[in-house]
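What follows is the residue order along each chain.
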Amino acid sequence: MGNFQDKWSKPQKQGFAERITDTLKPKGALKPRVEAAVKRLQAQISKMDGMVSKLKQRDQEIFQKIVAATQQHDTYSSKVLSNELVEVRKVSKILGNAKMGLERIELRLTTFHDLGDTVVTLMPTIGLMNGLKGSLVKFMPGADQEIGRMTEMLGGLMTDTFSSSDSTFGVE
């Protein structure tokens, strides 16, 4: 019986072969995974938004009850309701901060997604410019240097954008 319980609750550890396989062979294209993550984040953000709005509504209701209890000189009820209001506002603040954090993550993932689309668009351009550079030398000697500068500029832009990677993006 103990063996089943251990397997049920303990997360399965990857073996050495699975870790090497995951490193060498990724789990698929990055773009669909980023899009799926953004969709999940948007769903969670909308759920949190609903929860925050419900808490704000609850806040208003409790506040109105406190006002009514205070007007009736019911100090015990007003103190109890005040403590409940404090807790509701605490939870509301925590959820608001968590929602803001998820929105920041969503924004960063969306930016990463858009930047990836830009890279995919610019990569063929750099390759095309490198190909043109060699063929235009015969007809226009000055064009070789200008196209070389433009290729370096695009490559520099890509390299600066992804400064953490060691890729040169086809710039020689």
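Report on the accompanying structure. From a predicted model like this one, the values you see are computed outputs, not experimental measurements.

1. Description of helix H3 (residues 30-71)
Given a rise of 1.5 Å per residue, 42 residues ought to cover 62 Å, and the 61 Å separating the end C-alpha atoms of H3 matches this to within 8%. Buried within H3 we find Val-34, Val-38, Leu-41, Ile-45, Met-48, Val-52, Leu-55, Asp-59, Ile-62, Ile-66 and Ala-69. Buried positions along H3 lie against helix H4 (75-136). Residue His-73 follows H3 closely and has a positive phi angle near 60 degrees.

2. Digging into the packing of H3 against H4
At a minimum axis distance of 8 Å, the contact between H3 and H4 shows a crossing angle of 160 degrees. Comparing the axis directions of H3 and H4 gives the class roughly antiparallel. Regarding H3 and H4, the two cross each other, and that crossing is left-handed. Within the contact of H3 with H4, the residues separate by chemical class into 24 nonpolar, 10 polar and 12 charged.

3. Observations regarding the side chain of Lys-99
Along the polypeptide, Lys-99 turns up in helix H4. Excluding anything up to four places from it in sequence, Lys-99 contacts Ile-45, Met-48 and Asp-49.

4. Let's talk about the nonpolar core
If you look at the biggest cluster of nonpolar residues, it comprises nine residues: Met-48, Val-52, Leu-55, Ile-62, Ile-66, Leu-81, Leu-85, Val-88 and Leu-95. Listed by contribution, the elements that provide at least two residues to this core are H3 and H4. Ranked by residues supplied to this core, first place goes to H3 with five residues. If we skip the residues at most four places from it in the chain, Met-48 touches Leu-95, Ala-98, Lys-99 and Leu-102. Residues Val-119, Leu-122, Ile-126 and Met-158 belong to the second largest nonpolar core, which totals seven residues.

5. Observations concerning unusual backbone geometry
For His-73, which is not glycine, the phi torsion reads 60 degrees and is therefore positive. Relative to the elements of secondary structure, His-73 occurs in the loop between H3 and H4.

6. So, the pattern of salt bridges
Counted according to the given criterion, the structure contains seven salt bridges. With a shortest N-O distance of 3.2 Å, Asp-49 and Lys-99 are connected by a salt bridge. With Asp-49 in helix H3 and Lys-99 in helix H4, the pair connects residues that are 50 residues apart, well separated along the chain. We note a salt bridge from Glu-103 to Lys-99, for which the minimum N-O separation is 3.8 Å. Of this pair, Glu-103 and Lys-99 both sit in helix H4, four residues apart, which is roughly one turn of that helix. In this structure Glu-103 comes out as partly exposed when scored by relative accessible area, which is 33%. We classify Lys-99 as buried; its relative accessible area is 18%. Several salt bridges converge on common partners, so that one network encompasses Asp-49, Lys-99 and Glu-103.

7. Some points on the side chain of Ser-78
In this structure, Ser-78 sits in helix H4. Setting aside residues up to four positions removed in sequence, Ser-78 forms contacts with Ile-66, Ala-69 and Thr-70.

Parameters at a glance
In this numbering scheme, every chain counts its residues from 1 along its sequence in written order. Totals for whole chains, interfaces and linings use every residue, but because this is a predicted model, local features are given only for residues with pLDDT of at least 70 and side-chain atom pairs only at 80 or more, for both listing and counting. Heavy atoms from the whole structure form the basis of all side-chain values; hydrogens and water molecules are not counted. Runs of H or I in DSSP of at least four residues are treated as helices and runs of E of at least two as strands, each being numbered from the N terminus. To estimate the expected span of a helix, count its residues, drop one, and scale the result by 1.5 Å. Residue exposure (1.4 Å probe, protein chains only): buried if accessible area is under 20% of the type maximum, exposed if over 50%, otherwise partly exposed. Two residues qualify as a contact provided that any one of their heavy atoms is within 4.5 Å of a heavy atom in the partner residue. Note on geometry: axes are lines fitted to C-alpha atoms, helical ones only across the stretch in contact, with angles between N-to-C directions running from 0 to 180 degrees. Here roughly perpendicular refers to angles of 65 to 115 degrees, roughly parallel to angles under 35, roughly antiparallel to angles over 145, and oblique to all remaining angles. For any helix crossing, the convention is left-handed if the near helix is rotated counterclockwise from the far helix by under a right angle, and right-handed if that rotation is clockwise. Lys, Arg, Asp and Glu make up the charged group, whereas Ala, Val, Leu, Ile, Met, Phe, Trp, Tyr, Cys and Pro make up the nonpolar group; the residues left over, Gly among them, are polar. Put simply, buried Ala, Val, Leu, Ile, Met, Phe, Trp, Tyr and Cys residues joined by side-chain atoms within 4.5 Å make one nonpolar core. Note on definitions: salt bridges are taken to be side-chain nitrogens of Lys or Arg within 4 Å of carboxyl oxygens of Asp or Glu.

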